[in-house]
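Structure assessment
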Amino acid sequence: MKTKRMVISFSAEQTEKYFNIMTKQTAAEIEEDCVPSGATITVKIMPPFGEYADINNIDIGEVSVDFILD
């Protein structure tokens with residue numbers, strides 16, 4: 001029996017945005033002597049309008065969502 005997987009992909013530009021967001025956040029947290037908190041990534045799947053993602057409530061635009069049969 002085949003199973004389905006959902007694969008969510010960021011473009012190269014979106015991945016760079018992720019690293020920029022997280023680098024700034026982590027540096028600020030370490031400067032405040034806090035343990036880095038990590039990221040919350042929210043993916044909004046809204047047919048027929050598309051799929052979009054936020055990183056810590058910062059919109060990074062449309063992402064690729066694919067369904068793969070194994």
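The following refers to the structure shown.

Re the pairing of strand E4 (residues 58-62)
Pairing of strand E3 (residues 50-55) with E4 involves four bridges; the strand directions are antiparallel. When the sheet's bridge partners are listed, Ala53 is paired in E4 with Gly61.

Description of the pairing of E3
Bridge count for strand E2 (residues 41-46) against E3 is six bridges, and the pairing is antiparallel. Pairing of Met46 across the sheet is with Gly50, part of E3. Between E2 and the antiparallel strand that follows it, E3, lie three residues. Linking E3 back to E4 in an antiparallel pair, the connection comprises two residues, with Asn56 at a positive phi of about 50°.

Topic: a nonpolar patch on the surface
On the surface, Met6, Ile8, Ile45 and Phe67 cluster together to form a nonpolar patch covering roughly 390 Å² of accessible area. By secondary structure assignment, the location of Met6 is in strand E1 (residues 4-9).

Conventions adopted
Residues numbered from 1 in each chain as written. Predicted model: local features only at pLDDT ≥ 70, side-chain atom pairs only at ≥ 80, totals over all residues. Heavy atoms only, no water. Pairing = 2+ DSSP bridges. Helix = DSSP H or I, 4+ residues; strand = E, 2+ residues; numbered from the N terminus. Patch = residues over 30% accessible without salt bridge, like charges linked within 9 Å, V, L, I, M, F, W, Y side chains within 5 Å. Areas by Shrake-Rupley, 256 points an atom, 1.4 Å probe, with all protein chains shown as cover. Salt bridge = Lys/Arg side-chain N within 4 Å of Asp/Glu carboxyl O.

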